[in-house]
Amino acid sequence: MKKWFLLALPALLVACADKTETKLNKVEIPAFGSYLELSYTGTEIPNYRENLEEFVEEFNSSLSTYRKDSRISQLNRNETQTLDSLNFKVLALSIWMTRASGGAFDVGVGPLVELWGFGQKGEPREVDSSEVEAARKLCGYGTYYVQRFQLHKQDPNVRLDYNAVAPGLAADLIAEDLGKHNVKNFYINVGGEIRCAGVNQDSTTWVIGIEKPIDNPNGTNEAIRYVKVKDKGLATSGNYRKFYVRDGKKYSHTIDPRSGYPVQHDLLSVTIMAPDAAVADALATTCMVLGREGAKQFLTQFQDVDYYFVYAGEGGKMEEEWSPGMEVAFVSESE
């Protein structure tokens, strides 16, 4: 998905040095075109920064579309059909989400993203409806499928891009590895996709800031809400950072694979809290495609999932809407 930053409350990231079990260890490294941030309590894991750097390299060598030698790039160029384990994991979740959403979620939306000027090679330009239809036929459920670790495409021009789910998966895999080191209290932030467990060094639940969705292509905005996150993933998607204006009309990077066009609705940002970060990541993207009413209906099929929507109300005024479970998680900045 989109890199929509979530802000960790700084007051929670101050180490308590008097007790080993409450000592806060922090690691931050560049990763996935953004950053990877980890905080955990207890005894420091030896050489864990190096472990994370190796993990990022392995992850990129499998899933990065920016690397020509990655497995996903080879799959997109039809140089191989064989999936490695990471590609298989991402596609399994993605195909399931595509089915569940009726095609609103699709990791094969790449041709449309490029057409509308949001890909690696695309540039904003006037787009013809015939071009949209041609690109749309390369997207959607059924244009690709997996059988026995082999990727099958209906058309060789089908291309996959995992930006809407890979950062969340990375956070989940790091959480899994921390469990192997018997780390029970941690905060993971992979370019804005969050996974938290246990408590912080003050023995209170981790608190995450949700960014105000104000048009800002370059910087980080102030938090509009703060939420407690314990043993769950949190992801935010929105259109306030990746967009362009052409002939007085705003075009967002969120493309509806079903229509082939950038979405046009009142939803400004979606924050999802779910059992893990990969699911939260995929659901947030899906909800941004569906719009506010469609997203609420869509989310009724999921258990233990909560939402926070920010949308443009009457006169463009910023309004909020949330699920009961998310309301329980809200806290003030001072808490």
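Cut-off values and rules
- Residues numbered from 1 in each chain as written.
- Predicted model: local features only at pLDDT ≥ 70, side-chain atom pairs only at ≥ 80, totals over all residues.
- Heavy atoms only, no water.
- Salt bridge = Lys/Arg side-chain N within 4 Å of Asp/Glu carboxyl O.
- Buried < 20%, exposed > 50% of the residue type's maximum accessible area, 1.4 Å probe, protein only.
- Pairing = 2+ DSSP bridges.
- Helix = DSSP H or I, 4+ residues; strand = E, 2+ residues; numbered from the N terminus.
- Phe/Tyr/Trp six-rings, centres within 6.5 Å; stacked < 30°, edge-to-face > 60°.
- Axes fitted to C-alpha atoms, helices over the stretch in contact; angles between N-to-C directions.
- Contact = heavy atoms within 4.5 Å.

**So, the pattern of salt bridges**
1) Next: All told, the structure shown has 16 salt bridges when counted by the stated rule.
2) Next: For the salt bridge of Asp69 with Arg67, the shortest nitrogen-to-oxygen distance reads 3.1 Å.
3) Next: With a shortest N-O distance of 3.0 Å, Asp256 and Arg258 are connected by a salt bridge.
4) Next: Judged by relative accessible area, Asp256 falls into the buried class, the value being 11%.
5) Next: Given the relative accessible area of 39%, Arg258 is considered partly exposed.
6) Next: If you follow the salt bridges from partner to partner, you end up with Asp266, Arg292, Glu293, Lys296 and Glu321 in one network.

**Some remarks on the pairing of strand 5 (residues 150–153)**
1) Next: As paired elements, strand 4 (residues 144–147) and strand 5 share 4 bridges and run antiparallel to each other. Bridged to Tyr144 within strand 5 is Lys153.

**Side note on the packing of aromatic side chains**
1) Next: Applying the stated criterion across every chain yields a total of 12 aromatic pairs.
2) Next: Summarising the aromatic geometry, the rings of Tyr308 and Phe330 are spaced 5.6 Å apart at their centres and angled 85 degrees between planes, so their arrangement reads as edge-to-face. Of the two residues, Tyr308 is situated in strand 14 (residues 306–312) and Phe330 in strand 16 (residues 330–331); the sequence distance between them amounts to 22 residues. For the pair Tyr308 and Phe330, a shared accessibility class is recorded, and that class is buried.

**Quick look at the sheet that holds strand 10 (residues 232–238)**
1) Next: In space, the 8 strands of this open sheet follow the order 2-3-6-7-10-13-14-15, with antiparallel pairing throughout. Every other strand in the sheet has two partners, leaving strand 2 (24–31) and strand 15 (318–322) as the edge strands with one partner each. Direction aside, the axes of adjacent strands within the sheet are offset by 10 degrees on average.
2) Next: Relative to strand 15, strand 14 runs antiparallel, the two sharing 5 bridges. Bridge pairing in strand 15 places Tyr311 opposite Glu319.
3) Next: Contacting strand 2 and strand 3 (34–41), helix 1 (residues 48–63) runs over the sheet at an angle of about 30 degrees to strand 2.
4) Next: Each of strand 3, strand 6 (186–190) and strand 7 (193–197) is contacted by helix 6 (residues 166–180), which is oriented at about 150 degrees to strand 6, the strand it contacts most.

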